[in-house]
Structure formats: structure tokens, C-alpha cells
Amino acid sequence: MSFNLNNITRENVKGLKPYSSARDEYVSDGSEMVFLDANENPFENGVNRYPDPQQRSLKAVLADQKGVSPENILLGNGSDEVLDLLFRAFCEPKEDNIISLPPTYGMYKVLSGTNAIENREVLLNERFQPNVEGILNTIDASSKLLFICSPNNPTGNSISEASITKLLGSFNGLVVIDEAYIDFSPNESWVSRLSNFPNLVVTQTLSKAYGMAGIRLGICITSEEIIAVLNKIKPPYNVNGLTQLKALERVLATNLVASEVNKILNERERLIDTLKEVSFVQTIYESDANFVLVKVDDANKRYKQLLDKGIVIRNRSTQPLCENTLRFTVGTTDENKKLVGALKEIADE
Ligand SMILES: *Cc1c(COP(=O)(O)O)cnc(C)c1O
């Protein structure tokens, strides 16, 4: 295998220098400085200044927690922005392609569409694991990104370490492991393996386990070299000041986050146990995430019946291999009771 970052970086990106904003040049070190460089309104209201374009305080804490250096991290307006930056840095429109593995997260396809990049789909097998041989046969010299979602949305399972290792070793593009649900999983993050694989990119988010979907904070962790390329094209102030503040507070509240994750995991097991008692539930798929995918007799019918009872879930039936499946997010004890109560009522109708 011969991964070479220079070979996969777009020509126009190679020539770019990161935009140097006013706030890049000088950051207040606590001493009295007068900032008359950025045409801001000088009257303090908490957000009158531009935010730190490199989110130094937040990255310092995240780097420490994840066992990497701040130079291994890029933050974005949700992981959706991080994924978009990967397309824009490495995929030449109308020439290059990406590989995705349905059934999986819908954004890889959406982003390939908006960036005019071919999306080559290689279905997971019936156990929702990658068809490694099929993937290797689909890859060509223009394949730049391979998206692996683990734990996978909407199926909930983790992707096997052996498959990922094989793909990392055989692909000359970037293997992007989307770990949006990693904090619900018993498996270790691939971040710990970064030094073994120069083409490994891990994305995480504060939207799920951290309970901060509303602030939009996505995390990309990879080699310093890849981060440097992404830094050239990221909008300078892509993570706003309020988000940086809220995120910092939250990532420092490690006990609180851990206790919420624990409650969600306990609730997930309870939900799975009670789903077994619902007559029209045929299969409950194993989950390493904060949702459960189930196969039912008639997903469209059950979806509508739940909606009539005021419960909104996700019908995943149109996804390949997911015929007649519904995806339930694990809620509070009370919400899950309402869900199961409604399912049992529907079964008796
Ligand atoms: C929810 C989710 C995300 C989160 O995206 P954000 O833009 O960070 O909110 C990313 N990947 C997957 C697979 C998800 O399910």
C-alpha cells in the first residue's frame, strides 16, 4: 500500500495558504491589549468579538481527553461540516469518487451529490458487516474517501476491527471512520490507532452522547498533515463563540456526561427487553448506540399508528437490507414507557 497525502489532495488546495484572520494573529494573553484590528463594535456584550478561529481552549481539553495533540484536531459546525471539508479538500468534482456502505448514514450520499462526486455504494452483508472483497473490487485510482460508520446508523452494530484493518491497509485514499455513537459502544475508539495508519480519519460529534446537538460541534481527529490541509479550506470562524463556550463547559463535565450515557444504556437494555413482548416485532438488532433498529410485520402501518399516538420514530424501510424496519431512539424512562405502551396498544388494535 502506498498512501501519499500529496497524491490525493486537490491541486487547487495544495496551492492555498490558510486565510489569516485578525484573530489568528494576536490572541489576548490576559494582559491589557487594545484590539482595533477587526472592525468590531468595541462595546462588550459577551459576543462582540470574533471567536478564536482555532478554538484553542476547547481543543486543549479535547486533545487531553482523547490522548492526541491539538494539531491532530479540527472542529467544525457539526460533523456534517467536517465531512464536507473532507470532500472539498480531497475529491475533484466530476472526476473522483467515494465509497459508502449502505445501509448507513445519509449524509455521505448527500455530500457526494452537492460536491458532484460519484458515490459508489457497496452494500453491507446480511450481518451488516462490510463486503471487503466487493469494496476492494470497486476502488480505483479516483477513489478518495471510504466512509465507515461504526457503530453504524441505522443498524446500530459496530464494524469489525478485522475488516477495518484490512481496508485501512489496502486503500490509498482516506478511510473515514464516523464515530458519532462511539461513547455508547464498549469498543475503543480508532483514535488510539492513528499512529499506525496515515490514512485514518476519525470523526466524532457532541450531538449524541454529549447532548449538544443544538450547538453544532463536530470533531475530526487525524494526522497533523491531514489537519493542516483541512485548515487551509475551513471558513475562519466556522465554530461560533457561543458554541465554543457551551462545548467547553460540557466536555469538562465528564461525570455528568458519563452518568447520562449510563442511564441511556440502561434504558436501552430495558427497552430491548420490553420490545421482545411486542407481538409484531420480529427482530431486534444488536445495538452499540443510543437507538435500536427493529424489524416489524409492516413498518409503514406501524409507523403511522405510532404517529397517531403522538410518537415520532424513524421508518428506515427504504434503506437496502432494512425492509420493514423502524429505528427507535432511546429516550427517558418515561418516554420509553410511552413508546412501549403505545406499541402494545397498537398490537391489540
Ligand atoms: C447524528 C450523526 C452525526 C452527527 O452529525 P452532526 O452534524 O455532528 O450533528 C454524524 N454521523 C452519524 C452517523 C450520525 O448518525
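Residues numbered from 1 in each chain as written. Predicted model: local features only at pLDDT ≥ 70, side-chain atom pairs only at ≥ 80, totals over all residues. Heavy atoms only, no water.

Observations concerning the domain arrangement of the protein chain
In step 1: When its domains are assigned, the protein chain resolves into domain 1 (5–252) and domain 2 (255–348).
In step 2: Between the C-alpha centres of domain 1 and domain 2 the distance comes to 29 Å.
In step 3: Each partner contributes to the interface: domain 1 provides 24 residues, whereas domain 2 provides 21 residues.
In step 4: Summing the contributions of domain 1 and of domain 2, the shared interface buries around 1800 Å²; its carbon and sulfur component is 64%.
In step 5: By the criterion of area lost to domain 2, the three top residues of domain 1 are Pro 154, Phe 184 and Arg 250, representing 35% of everything that side buries.
In step 6: Across the contact surface, domain 1 and domain 2 share one salt bridge.
In step 7: With its nearest N and O atoms 2.7 Å apart, the salt bridge here joins Glu 260 to Arg 250. (Domains from an automatic or database assignment. Contact = heavy atoms within 4.5 Å. Buried area = accessible area lost by both parts, 1.4 Å probe. Salt bridge = Lys/Arg side-chain N within 4 Å of Asp/Glu carboxyl O.)

Observations regarding the pattern of salt bridges
In step 1: Enumeration over the complete set of coordinates arrives at 19 salt bridges.
In step 2: A salt bridge links Glu 121 to Lys 109, with the shortest nitrogen-to-oxygen separation between them at 3.9 Å. You can see Glu 121 sitting in strand E3 (residues 118–121) and its partner Lys 109 sitting in helix H6 (residues 107–114), a full twelve residues away along the chain.
In step 3: Taking relative accessible area as the criterion, Glu 121 reaches 42% and is therefore assigned partly exposed.
In step 4: In this structure, Arg 302 engages Asp 297 in a salt bridge whose closest nitrogen and oxygen atoms are separated by 2.8 Å. (Helix = DSSP H or I, 4+ residues; strand = E, 2+ residues; numbered from the N terminus. Buried < 20%, exposed > 50% of the residue type's maximum accessible area, 1.4 Å probe, protein only.)

Section: the pairing of strand E8 (residues 281–284)
In step 1: Taken together, the three bridges between E8 and strand E9 (residues 291–296) define a ladder with antiparallel strand orientation. If you follow Ile 284 over to E9, its bridge partner there is Val 294.
In step 2: Hairpin remark: E8 followed by E9, antiparallel, with six residues in the connecting loop. (Pairing = 2+ DSSP bridges.)

Overview of the packing of aromatic side chains
The geometry of an aromatic ring pair is captured by the separation of the ring centres together with the interplanar angle, meaning the angle of the planes.
In step 1: Counted under the stated rule, the structure contains seven aromatic pairs.
In step 2: Each ring, one from Tyr 108 and one from Phe 147, has its centre 4.6 Å from the other, and the planes form 10°; the classification is stacked. Residue Tyr 108 is found in helix H6, and its partner Phe 147 is found in strand E4 (residues 143–149); the two are separated by 39 residues along the sequence. Comparing Tyr 108 with Phe 147, the two get one shared label, buried.
In step 3: Put simply, the rings of Phe 87, Tyr 105, Tyr 108 and Phe 147 pair up and form one aromatic cluster.
In step 4: Sitting above the plane of the Phe 291 ring, Arg 327 keeps its charged end 5.6 Å from the centroid. (Phe/Tyr/Trp six-rings, centres within 6.5 Å; stacked < 30°, edge-to-face > 60°. Lys NZ or Arg CZ within 6 Å of the ring centre and 35° of its normal.)

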